[in-house]
Amino acid sequence: MKWIKKHEIDSWFFRGAVALMLLFPAFYSPYTDVYQSAYYAGFSWAYFLLVLYMAVRVWKNRDRIWPVSAVGILYFAGLLVYNLLSLYFNHKYLHWYWEQINNTVAFLLLAVIVGVGESSEKERDGNIRFLMYCVIFSNVGSIIYYMMGYTKLLICNNQFVFFELPENFYETRHYWLYSHKSEYAVMLVAFIALLVAYRKKFKSQLTFLVGTVVLLYCLYLTHSWTGIAGVFLIFAGYVADQIEWKHFHFRAWYLAVLAVFGFAGWKVARDVLAERNIWNLGGRIPIWKGVWTSTILKYPEGWGMRFGESAISIEELGGYWVNNAHNVFFNQMLRFSIPVGIVFTLLFIGIVVYTLVKGRSFLMAGTWIALLVLMDMDYAMMSTSMALVFLIVWLVSRYKTPNNA
């Protein structure tokens, strides 16, 4: 046990999990096609290392576990209810336990990071740098992969699947290691927020600039206008955090910054309006209404293994067919029952509120707005990417601004 403490084995497990999630996300699934395998992700090697990381962290800091705060008790109570409900509906109707397991690992990761305290400052800084460099290396690989003519790399069931978009597809888009362009956009928005928050952790600001440009270019390749709009909130939030509002004095260069943001925002809005009907949120409002009334309320126990294979007709869009609710939280209800989906959503909202209160920054607020809009517009977060999202938003909530330092 002394050897574990001396060699910081928990840090090695953490870095191994990060490397797998960002560079080699191997998992197992009953399916091997691009979409269904993501919907039914089973055992993940990255999550296996995260479990080992959490076990070592809890053991090393076992003297800090008790007493548990009131917030912690409420959180664990919610997580217990989530698992009890999931077990019931899985046993009786759904028969797909891995989503429950993977989501629980993600929820527990945040609880462990918050509950047992920080690592040593040196170890913590080293882990953050490792995470950011892995992010950059992964997305450099994404650009190279896209230039080779591919749009998604799937590592599933000990196989590599190289996916190309059909030649007659209605738009160009890029997925990289993720299930869909919207999930990749969520991860890129989170990555950009992380780099912006910890830009001073880079030994060279040139590395920060190059890394940020790489991520922005990858976001452009996704063709996710929602993600691109979200990035403006992140940069605007960071700029707002640098202003000492108690001693605010207007500067002429503020107008130049506002002009740049205004022009960029106008251009993005123009391109979005050219491709989407913004009045019904690109068809999302009819989809949500149609899925809720025709399917979720009709099958309150959840679709289970039918999800992804069955289709729903959206009459308001002229009989347009969808296989999911195009919303992370509605999909939890559609797949795993209304009670499970509600508890999942409440746990998620609790994390949002907690990190916003802890962060007290415009960057944190901008990051969550950008992420939640993406998650509300599409099935933009799979269970195997949720832990990394939670980790990043926690780190962003911990960065120091002139106003909360």
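Now for a quick tour of the structure. (Residues numbered from 1 in each chain as written. Predicted model: local features only at pLDDT ≥ 70, side-chain atom pairs only at ≥ 80, totals over all residues. Heavy atoms only, no water.)

### A few points about the overall build of the protein chain
Here is step 1 of the chain: Scanning the protein chain from N- to C-terminus turns up 16 helices and four strands.
Here is step 2 of the chain: Looking at the protein chain residue by residue over its 405 residues, the buried ones come to 52%.
Here is step 3 of the chain: The contacts of the protein chain with a sequence gap of at least 6 include a subset with a gap of at least 24, amounting to 76%.
Here is step 4 of the chain: Only carbon and sulfur atoms are counted for the fraction: they give 68% of the accessible area of the protein chain, which is about 19300 Å². (Helix = DSSP H or I, 4+ residues; strand = E, 2+ residues; numbered from the N terminus. Buried < 20%, exposed > 50% of the residue type's maximum accessible area, 1.4 Å probe, protein only. Contact = heavy atoms within 4.5 Å. Areas by Shrake-Rupley, 256 points an atom, 1.4 Å probe, with all protein chains shown as cover.)

### Concerning the packing of aromatic side chains
Here is step 1 of the chain: In total, this model carries 37 aromatic pairs according to the counting rule given.
Here is step 2 of the chain: With a centroid separation of 5.2 Å and an interplanar angle of 75°, the aromatic rings of F329 and F348 are classed as edge-to-face. Remark: F348 occurs in helix α14 (residues 338-359) and F329 occurs in helix α13 (residues 328-336); sequence separation between them is 19 residues. The pair formed by F329 and F348 is uniform in burial state, with each residue classed as buried.
Here is step 3 of the chain: In this structure an aromatic cluster arises from ring pairing among Y82, F107, F329, F344, F348, W368 and F390.
Here is step 4 of the chain: Across the ring face of W59, the terminal group of R62 is positioned such that the distance to the ring centre comes to 4.5 Å. (Phe/Tyr/Trp six-rings, centres within 6.5 Å; stacked < 30°, edge-to-face > 60°. Lys NZ or Arg CZ within 6 Å of the ring centre and 35° of its normal.)

### Observations concerning the environment of M305
Here is step 1 of the chain: Mapped onto the elements, M305 comes out in the loop between α12 (284-296) and β3 (312-314).
Here is step 2 of the chain: Classification of M305 by relative accessible area gives partly exposed; the value is 28%.
Here is step 3 of the chain: For M305, the contacting residues outside a window of four places in its chain are Y31, Y40, L94, H95 and W96.

### Looking at the pattern of salt bridges
Here is step 1 of the chain: Applying the stated criterion across every chain, the model contains six salt bridges.
Here is step 2 of the chain: Two residues, D10 and R57, come together in a salt bridge whose shortest N-O distance is 3.3 Å. Note that D10 is positioned in helix α2 (residues 9-23) and R57 in helix α4 (residues 45-60), a separation of 47 residues in sequence. Just as D10 is buried, R57 falls in that class too.
Here is step 3 of the chain: Notably, a salt bridge pairs D125 with K201, separated by 2.9 Å at the nearest N-O pair. Here the residue D125 occupies a position in helix α7 (residues 121-147), and K201 occupies one in the loop between α8 (181-197) and α9 (205-222), the gap between them amounting to 76 residues. (Salt bridge = Lys/Arg side-chain N within 4 Å of Asp/Glu carboxyl O.)

### Brief notes about α12
Here is step 1 of the chain: With 13 residues, α12 extends only 16 Å from end C-alpha to end C-alpha; this falls clearly short of the ideal 18 Å at 1.5 Å per step.
Here is step 2 of the chain: Residues of α12 that are buried: R284, P286, I287, W288, G290, V291, T295 and I296. (Expected span 1.5 Å × (residues − 1).)

### Looking at the environment of F390
Here is step 1 of the chain: In this structure, F390 sits in helix α16 (residues 383-397).
Here is step 2 of the chain: With 200 residues separating them along the chain, F390 and A190 place their C-alpha atoms 9.5 Å apart.
Here is step 3 of the chain: Aside from chain neighbours lying at most four places away, what touches F390 is A106, F107, L110, F348 and I351.

### Quick notes on the packing of α7 against α9
Here is step 1 of the chain: Their axes nearest at 9 Å, the elements α7 and α9 cross at an angle of 45°. One element, α7, and the other, α9, form an angle in the oblique class. By crossing handedness, the relation of α7 to α9 is classed as left-handed. Between α7, through Y133, V135, I136, N139, V140, S142, I143 and Y146, and α9, the contact on the second element is made entirely by T207, G211, V214, L215, Y217, C218 and L221.
Here is step 2 of the chain: A class-by-class count of the residues in the contact of α7 with α9 yields 11 nonpolar, four polar and no charged. (Axes fitted to C-alpha atoms, helices over the stretch in contact; angles between N-to-C directions. Parallel < 35°, antiparallel > 145°, perpendicular 65-115°, else oblique. Left-handed = near helix turned anticlockwise from the far one by under 90°. Nonpolar A, V, L, I, M, F, W, Y, C, P; charged D, E, K, R; others polar.)

### So, a nonpolar patch on the surface
Here is step 1 of the chain: Side chains of L80, L84, L87, Y97, W98 and I101 sit close together on the surface and give an oily, nonpolar patch of about 540 Å² of accessible area.
Here is step 2 of the chain: At the level of secondary structure, the elements contributing two or more residues to the nonpolar patch comprise α5 (70-94) and α6 (98-115).
Here is step 3 of the chain: If you tally residues by element for the nonpolar patch, the top one is α5, at three residues.
Here is step 4 of the chain: Locating Y97 in the fold gives a position in the loop between α5 and α6. (Patch = residues over 30% accessible without salt bridge, like charges linked within 9 Å, V, L, I, M, F, W, Y side chains within 5 Å.)

### Looking at the layout of surface pockets
Here is step 1 of the chain: Taken as a whole, the second largest pocket holds about 730 Å³ of empty space.
Here is step 2 of the chain: In this structure, the second largest pocket is lined by 26 residues; those nearest its centre are V71, G72, Y75, F76 and A111.
Here is step 3 of the chain: Secondary-structure elements contributing two or more residues to the lining of the second largest pocket are α5, α6 and α14.
Here is step 4 of the chain: A per-class count over the lining of the second largest pocket returns 20 nonpolar, five polar and one charged. (1 Å grid on protein atoms, 1.4 Å probe; cavity = no way out; pocket = protein on both sides within 12 Å on 5 of 7 lines; lining within 4 Å. Points joined across faces, edges and corners; volume = space filled by probe spheres on them.)

### Let's talk about empty space enclosed by the protein
Here is step 1 of the chain: The final tally for this structure, using the stated rule, is five cavities of 30 Å³ or more.
Here is step 2 of the chain: Of the voids in this model, the largest cavity is the one considered here, and its volume is about 300 Å³.
Here is step 3 of the chain: If you trace the largest cavity, you find 23 residues lining it, with P25, F27, L177, Y178 and T384 closest to the centre.
Here is step 4 of the chain: Mapped by element, the contributors of at least two residues to the lining of the largest cavity are α2, α4, β1 (152-156), α8 and α16.
Here is step 5 of the chain: Among the elements that take part in the lining of the largest cavity, β1 stands out by supplying four residues, more than any other.
Here is step 6 of the chain: Across the lining of the largest cavity, the residue classes tally to 17 nonpolar, four polar and two charged.

### Some remarks on the environment of G16
Here is step 1 of the chain: Inspection of the secondary structure assignment puts G16 in helix α2.
Here is step 2 of the chain: On the basis of relative accessibility, which here comes to 21%, the residue G16 falls in the partly exposed class.
Here is step 3 of the chain: In the structure, G16 is positioned 29 residues away from W45 in sequence and 9.5 Å away in space, judged by C-alpha atoms.

### Quick look at the pairing of β1
Here is step 1 of the chain: Judged by how many residues are buried, β1 sits mostly within the fold: five of five residues are covered.
Here is step 2 of the chain: With burial as the criterion, each face of β1 is covered, one bearing K152, L154 and C156 and the other bearing L153 and I155.
Here is step 3 of the chain: Judged from the five bridges that link them, β1 and strand β2 (residues 159-163) form a sheet pairing that is antiparallel. Residue pairing for β2: C156 is matched across the bridge by Q159.
Here is step 4 of the chain: The loop that links β1 with its antiparallel partner β2 comprises two residues; one of these, N157, has a positive phi angle of about 55°. (Pairing = 2+ DSSP bridges.)

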